[in-house]
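Letter by letter, the chains look like this.
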Amino acid sequence: MSQAPLNVPGVVMVSLSEAYAIAIGHHRAGRMGEAAGVYRAILDADPRQADALHLLGVLAGQTGRSEEAVSLIAQAIALDPGAADYHDNLGSLRRGGGDAARAAAQHARALALEPGRAKATFNRGLALGDLGLVGEALNCFRAALRIDPGYGAAALAAGRLLAGGPEPLAAGCWLAHALTLAPDSADAWAAVGRARLAAGEADGAVAGYGRAARLRPDDGAALSNLAMATLQASGALPEFPRADRPEASWGEPLARALDLFLAALERGAGEVTEAALFRSAVLTIHRGMLDDARLERIAKRARDRLRRAPGDGAAAACIAHGLYRRGRLVAASRLARRCLRGWSEEAIRADQQAVKWRQVDARPVFLGTLAGYRPRIAEAGERSMPVPPAAGGGAILLVSVDFRYWRRFGGWFLSHALKDAPGDRVHVHIVNPGAEDCADLDRRCAAQPGRLSWSLERIDLSAHAPGAETTYYACARFFVALDLLERTGAPVFITDIDARCTAPLPLDLRDGTGWDLTIMRDRRARGPFDDIIVSFLGIAPTAAGREFLGLVGTCIGWFFDRGEAAWTLDQAAPYAALHDWMRRGRVPRLREYEFLRLPWFDFPVKGEG
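Conventions adopted
Residue positions are given per chain, counted from 1 along the sequence in the order it is written. Only residues with pLDDT of at least 70 get local features here, since the model is predicted, and only at 80 or more are side-chain atom pairs given and counted; chain-wide, interface and lining totals rely on the full set of residues. No hydrogens and no water enter the side-chain calculation; it runs on all heavy atoms of the structure. Per the convention used, a helix needs a DSSP run of H or I reaching at least four residues, while a strand needs a run of E reaching at least two, with both numbered from the N terminus. For the radius of gyration, the atoms used are the C-alpha atoms, and the globule rule reads 2.2 Å times the number of residues raised to 0.38. Residue exposure (1.4 Å probe, protein chains only): buried if accessible area is under 20% of the type maximum, exposed if over 50%, otherwise partly exposed. In what follows, residue pairs with any heavy atoms lying within 4.5 Å of each other are defined as contacts. For the purpose of counting charges, residues Lys and Arg are taken to be positive, whereas Asp and Glu are taken to be negative. His and the chain ends are not included. In plain terms, the charge of a residue is placed at NZ if it is Lys, CZ if Arg, CG if Asp and CD if Glu. Axis definition: a line fit to C-alpha positions, over the contact stretch in the case of helices; interaxial angles, taken between N-to-C directions, run 0 to 180 degrees. Small angles under 35 degrees read as roughly parallel and large ones over 145 as roughly antiparallel, with 65 to 115 read as roughly perpendicular and the rest as oblique. Crossing chirality is assigned from the near helix's rotation relative to the far helix, an anticlockwise turn below a right angle marking it left-handed and a clockwise turn marking it right-handed. Amino acids are sorted into nonpolar (Ala, Val, Leu, Ile, Met, Phe, Trp, Tyr, Cys and Pro), charged (Asp, Glu, Lys and Arg) and polar (every other residue, Gly among them). Consider a residue and the seven residues that end there alongside the seven that start there; fitting an axis to each set, the bend is the angle between those axes. By this definition, two strands are paired if DSSP reports at least two bridges between them. Multiplying one less than the number of residues by 1.5 Å gives the expected span of a helix.

Peer 1: When you look at the overall build of the chain in this model, what are you seeing that I'm missing?
Peer 2: Scanning the chain from terminus to terminus reveals 28 helices and 10 strands. In terms of overall dimensions, the chain is more spread out than a globule: its C-alpha atoms have a radius of gyration of 35 Å, far above the 25 Å expected for 609 residues. If one aligns the C-alpha atoms of the chain with their principal axes, the spans along those axes are about 115 × 50 × 40 Å. Within the chain, the fraction of its 609 residues that count as buried is 53%. In the chain, the proportion of contacts linking residues at least 24 apart, taken out of those at least 6 apart, comes to 66%. Across the chain, the mean location of the 74 positive side-chain charges is 3 Å away from that of the 70 negative side-chain charges.

This is the structure we're talking about:
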């Protein structure tokens, strides 16, 4: 092409070399539109200008037009096949498009033309790494560093490639080298965090991600990574337990992780971080460690999430928990049901929060229908009472188990519950016992006449969802409690067979005077299915006590009859019933005690977490 002047947009007339200088200046300054205009002016004057085609292709790739970029650079190569940087840049575009094999071949052509190109060597290593050719990729990164000892990106890429693999020490060495070349590289520190996390060194991951976040305080991804590392390091995650991190130490790191997720979202982190926030919030609620102020911030974001994704169960759970804490259980019930519309039964069963919230129905219209409902499950089994409670006497401690739990804890429980004389009476209800269990209970009752009684139930639960038997024996005690209340006229105290009786009940509870219900609360606000803990629940033989017990049993039966019963139903039902009474201004005579601070029981199994 002759050096005839060119008409460049915004400039009167310039030479070809001046036009390139102007275009590259715009390009480097990020003025992509202006740069593209000048490149096109050059090509208008001479369509065979390979450099203009190549640079316009690079610009197209940088602005997200990958197909156009590949086409332009391929045209440049057709005009000048000996330009190594054309092949190198085309290789990078192909790798970005997911074609690592063609990318590696393109970089190899660049190196055949110019063997000493560190960048092309590095790029080929990236493509080979994508193909799983780790050894060959590492050789490329080593070669890039031999060509240019300051090429920190090569050391960083090698460390990233090895992170999570069988050679964590090698990954650490590469990353340490990258940091010697660039001590303030946020990418390198983030890679250290990722490598430490993959190696199971959560504290080291916090240090690496923390340094990256300090170097890039406005980077949402850096904050999100630090939050995830903080969670893992806490020991609170069930899949990453730590013997050196007892439950009492979890509160601070859980709160910090939630704050980091919130900060990450404020700085542009996406849906992955948002999902992690809601899951972590639910975990923190379950642990009883989420304060109201943080929950409200999270619920606010969850409400925005539900507008975009109405079926997000974790987001809905955060909102529902916030409503429950403010005494708005009816609204929480409606929200949970609205969210679960369209969910398959399989999906609900796979989501612990969905299962629990489905069983919390405080809607007046629902509770009103229970008045005339007769649960089929309550009549599905065959109950008998081989040894009924003796006439007269004080309160009855009721446990309901299957044969497995009886064999595991029965003797241990009775050794504590019956050790004091005189003490409380005990009634054991066992679901689907074996012959040896029946004989064992008969022997024990004969040895403790008047103190120990038992009943049994034969019931087929095979048509119900997995886990129904465990749920049923926890729930059947409400049916049995009502029967005992009517038979004996004595107060009945539901408890667990893995509880330990430390002293007889006081006289005012044993004689059932002056109260209707005695409940134990978990005041950590963990949810309506964990608020009233039926490891200790007393019902007096009063009209209110009988009515309450009947309502709870009917509610439990309703969920069983529809195949929706699951663990914690025995706690969700009494909470919903009591909430409804309180909402309507009906206040039973209530005795309340705090979970794990009961004067006459302790719960060593539950106390372990």
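Okay, back to it.
Peer 1: Can you walk me through unusual backbone geometry in this structure?
Peer 2: A negative phi angle characterises most non-glycine residues, just as the trans form characterises most peptide bonds. Positive phi, normally seen in glycine, also occurs at asparagine 432, with a value near 50 degrees. Relative to the helices and strands, asparagine 432 is located in the loop between strand E3 (425-431) and helix H23 (435-447). The residue threonine 568 is not glycine, and still its phi comes out positive at about 85 degrees. One can find threonine 568 in the loop between helix H26 (543-561) and helix H27 (569-583). Threonine 568 gets classed as buried once you look at its relative accessible area, which sits at 7%.

Peer 1: What exactly am I supposed to notice about the packing of helix H14 (residues 251-266) against helix H15 (residues 271-286) here?
Peer 2: The axes of two packed helices give the description: the angle between them and the distance between them. The interhelical angle for the contact between H14 and H15, taken along N-to-C directions, is 155 degrees, at an axis separation of 10 Å. In this view, H14 runs roughly antiparallel relative to H15, as classed from their interaxial angle. For H14 against H15, the interelement crossing comes out left-handed. Contacts between H14 and H15 pair Leu254, Leu258, Phe261, Leu262, Ala264 and Leu265 from the former with Thr273, Glu274, Ala276, Leu277, Ser280, Ala281, Leu283 and Thr284 from the latter. Broken down by class, the residue content of the contact of H14 with H15 amounts to 10 nonpolar, 3 polar and 1 charged.

Peer 1: When you look at helix H22 (residues 403-417) in this model, what are you seeing that I'm missing?
Peer 2: One turn of the α-helix equals 3.6 residues, which is why residues spaced by three or four share an orientation. Helix geometry: H22 is bent most strongly at phenylalanine 409, by close to 55 degrees. Within the sequence span of H22, burial applies to Trp406, Phe409, Gly410, Phe413, Leu414 and Ala417.

Peer 1: Where do I start with the pairing of strand E7 (residues 517-521) in this structure?
Peer 2: Most of E7 sits out of view: 5 of its 5 residues are buried. Here E7 shows a buried face lined by Leu517, Ile519 and Arg521 and a second buried face lined by Thr518 and Met520. Both E7 and strand E8 (residues 532-539) contribute to a ladder of 4 bridges, which runs antiparallel. Looking at the pairing, isoleucine 519 lines up with leucine 537 of E8. Pairing of E7 with strand E9 (residues 590-594) involves 5 bridges; the strand directions are parallel. Each bridged residue has a counterpart across the sheet, and for isoleucine 519 the counterpart in E9 is glutamate 592.

Peer 1: Even after reading the chapter, I still don't get helix H24 (residues 468-488), so can you show me in this structure?
Peer 2: Taking 1.5 Å per residue as the helical rise, H24 with its 21 residues ought to reach 30 Å, and the 30 Å between its terminal C-alpha atoms agrees with that figure. In the structure, H24 departs most strongly from a straight axis at alanine 474, where the bend amounts to approximately 30 degrees.

Peer 1: What am I meant to see in the sheet that holds E9 here?
Peer 2: Pairing between sheet strands relies on hydrogen bonds along the backbone, with the strands arranged either parallel or antiparallel. If you trace the 8 strands from one edge of the open sheet to the other, you get E1-E4-E3-E2-E5-E8-E7-E9, paired in mixed fashion. Bordering the open sheet on either side are strand E1 (382-387) and E9, each of which pairs with just one other strand. On average, each strand axis in the sheet is tilted by 20 degrees relative to the strand beside it, whichever way the strands run. Pairing between strand E2 (residues 396-402) and E3: 7 bridges, direction parallel. Along E3, the bridge assignment pairs isoleucine 396 with arginine 425. Along the sheet, H24 contacts E1, E2, E3, strand E4 (452-458), strand E5 (492-495) and E8; its crossing angle with E2, the most-contacted strand, is approximately 150 degrees.

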